[in-house]
Amino acid sequence: MLRSTSKATSALASLNTCLAPGLEAKAQTEKVVIAAKVVNTFFIIACFCCDVFYYGSKHKMVSLFCKKILQITVVLVLSQVENRKITSIMKSYQTLNTELSEGIFTIIINREEKLNALNRQVISDLDDAINELYNNTEIRACIITGKGPKAFAAGADIAEFKGLTKDEGAALARRGHDVFNRIELSPKPVIAAVNGFALGGGCELAMACHIRIASENAKFGQPEVNLGIIPGYGGTQRLVQLIGKGKAFELLMTGDTIDAVCAERLGLVNDVVLTVELLEVCRAILQKINTKAPIAISKVIECVHAHFKDGIDGFDTEIDVFSSCVATEDFVEGTNAFLEKRKANFKGK
Ligand code: COA
């Protein structure tokens, strides 16, 4: 289904232009702060002039009232800007742009000229960003996407394959597995906003996320057999989990690329949306999830993964996890809120 929402804002375009990374974001925000301070000063001078002009007249009270309103407005604007400054100045990465807004951490792979191919630096930066996802208590959910209109990630960086030894190959695959496993096991929900080519490692990265939303121009595939290798970042396993053995064999052995509609039909993606609405839709899903009990969300993730773990009975895990949820304050709050016909105020405790 091609989901269409009424707001046709260009989410990707605005992301690329507005959500500037690291120092760029800092510089931009500081410019806004300086501009707001200049405006504030201007208002104070203007109000002073008004006071002098109307001094002693019946309009004096009107002047004072307007002055107060203007000053309060500017203070509010400044506090909002300062607030945004705190959340937008995050750790900067060589190959990623990141932003934190309303608890949603957006990670944008920033190698547009190489179709966001996952070289060693990207994998290392992703590793650090995932640490941030785990450890920063302000972060409640995450979106991973690629910069530009063409690619989510066109795979591992083939330029780094040249001259690779067997041991180096093992290390490369193990490193990718470690990082992608941590994305998959993240206790906070992660959505892949697939905005173009998701090939090889790019498809594997999307599959490591909990939910995949594709733009209408997205393309998926595991073309590694064209290079004489197989997927090395978990693709042979996660593709089978998502679309079943028969279709997975077909994609893995032909190396074919499929479009977004086909990917949705196979169950590889949850939904296909207009390109301009991709990030907006992902945010809306996460905002909805963020209204639920955070511990319950993390336990859903844990339980679903139990199904795929060797030697673990997912049903037993569910019983344990259910009882641990019953012991939380959020369970008490959730049930009380229902019975009292009010909105639950979850604390993550
Ligand atoms: N690794 C390294 N560089 C890559 C890359 C990858 N996986 N995918 C694309 N690039 C680079 C290209 O080399 C090119 O760089 P250049 O401009 O310096 O020559 C740039 O990205 C643009 O790619 P290009 O091939 O010119 O774009 P296209 O629109 O003609 O084709 C693809 C797009 C995705 C079909 C094509 O780039 C491709 O097949 N990429 C490899 C996909 C793959 O096999 N992935 C699995 C790797 S294990």
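Draft legend 1. Layout of the site of the ligand. Residues in close proximity to the ligand total 16 residues, the closest being Lys114, Lys150, Ala154, Ala156 and Ile158. At 2.5 Å, a side-chain N or O of lysine 114 approaches an oxygen atom of the ligand. Contact between the ligand and isoleucine 158: a nitrogen atom at 2.9 Å from a main-chain N or O atom of the residue. Coverage of the ligand by the protein chains reaches 58% of its 860 Å² of free accessible surface. Per-class residue counts for the shell around the ligand are 10 nonpolar, one polar and five charged.

Draft legend 2. Structural view of unusual backbone geometry. Of note, leucine 115 is a non-glycine position whose phi angle comes to about 50°, a positive value. The residue leucine 115 is located in the loop between strand 3 (104-109) and helix 4 (120-135) in this model. Exposure remark for leucine 115: the relative accessible area of 25% places this residue in the partly exposed category. With phi around 55°, lysine 341 is a residue other than glycine that occupies positive phi space. Examined against the element boundaries, lysine 341 turns out to sit in the segment after helix 13 (329-339).

Draft legend 3. Structural context of the pairing of strand 4 (residues 141-146). With six of six residues buried, strand 4 lies mostly within the body of the structure. Burial along strand 4 is two-sided: the residues Ala141, Ile143 and Thr145 and Cys142, Ile144 and Gly146 are all buried. Where strand 3 and strand 4 come together, six bridges link them in parallel fashion. Its bridge partner being in strand 4, threonine 106 is matched across the sheet by isoleucine 143. In the classification by handedness, the crossover that spans strand 3, the intervening helix 4 and the parallel strand 4 is right-handed. Summarising the sheet, strand 4 and strand 6 (residues 190-194) pair through four bridges and their orientation is parallel. Paired with cysteine 142 across the bridge in strand 6 is valine 190.

Draft legend 4. Summary view of the packing of helix 4 against helix 5 (residues 166-184). For the pair helix 4 and helix 5, the least separation of the axes is 10 Å and the interaxial angle reads 25°. When the interaxial angle is binned, helix 4 and helix 5 end up roughly parallel. For the crossing formed where helix 4 meets helix 5, the hand is left-handed. Here Arg120, Ile123, Ser124, Leu126, Asp127, Ile130, Asn131 and Tyr134 of helix 4 come into contact with helix 5, specifically with Leu172, Arg175, Val179, Phe180, Arg182 and Ile183. Looking at the contact of helix 4 with helix 5, its residues break down into eight nonpolar, two polar and four charged.

Draft legend 5. Here's a closer look at the pattern of salt bridges. What the rule picks out here adds up to 10 salt bridges. The partner of arginine 182 in a salt bridge is aspartate 127, with the nearest N and O atoms 2.6 Å apart. Highlighted residues: arginine 182 in helix 5 and aspartate 127 in helix 4, separated in sequence by 55 residues. Take arginine 182: its relative accessible area is 25%, and that puts it in the partly exposed class. Where arginine 238 meets glutamate 184, a salt bridge forms, and the shortest distance between an N and an O atom there is 2.8 Å. With arginine 238 in helix 7 (residues 235-243) and glutamate 184 in helix 5, the pair connects residues that are 54 residues apart, well separated along the chain.

What counts, and where the lines are drawn
- Residues numbered from 1 in each chain as written.
- Predicted model: local features only at pLDDT ≥ 70, side-chain atom pairs only at ≥ 80, totals over all residues.
- Heavy atoms only, no water.
- Near = heavy atom within 4 Å.
- Polar contact = N/O pair within 3.5 Å; in protein donor to acceptor, adjacent residues only side chain to side chain.
- Areas by Shrake-Rupley, 256 points an atom, 1.4 Å probe, with all protein chains shown as cover.
- Nonpolar A, V, L, I, M, F, W, Y, C, P; charged D, E, K, R; others polar.
- Helix = DSSP H or I, 4+ residues; strand = E, 2+ residues; numbered from the N terminus.
- Buried < 20%, exposed > 50% of the residue type's maximum accessible area, 1.4 Å probe, protein only.
- Pairing = 2+ DSSP bridges.
- Right-handed = clockwise from strand over helix to strand, strands pointing away.
- Axes fitted to C-alpha atoms, helices over the stretch in contact; angles between N-to-C directions.
- Parallel < 35°, antiparallel > 145°, perpendicular 65-115°, else oblique.
- Left-handed = near helix turned anticlockwise from the far one by under 90°.
- Contact = heavy atoms within 4.5 Å.
- Salt bridge = Lys/Arg side-chain N within 4 Å of Asp/Glu carboxyl O.

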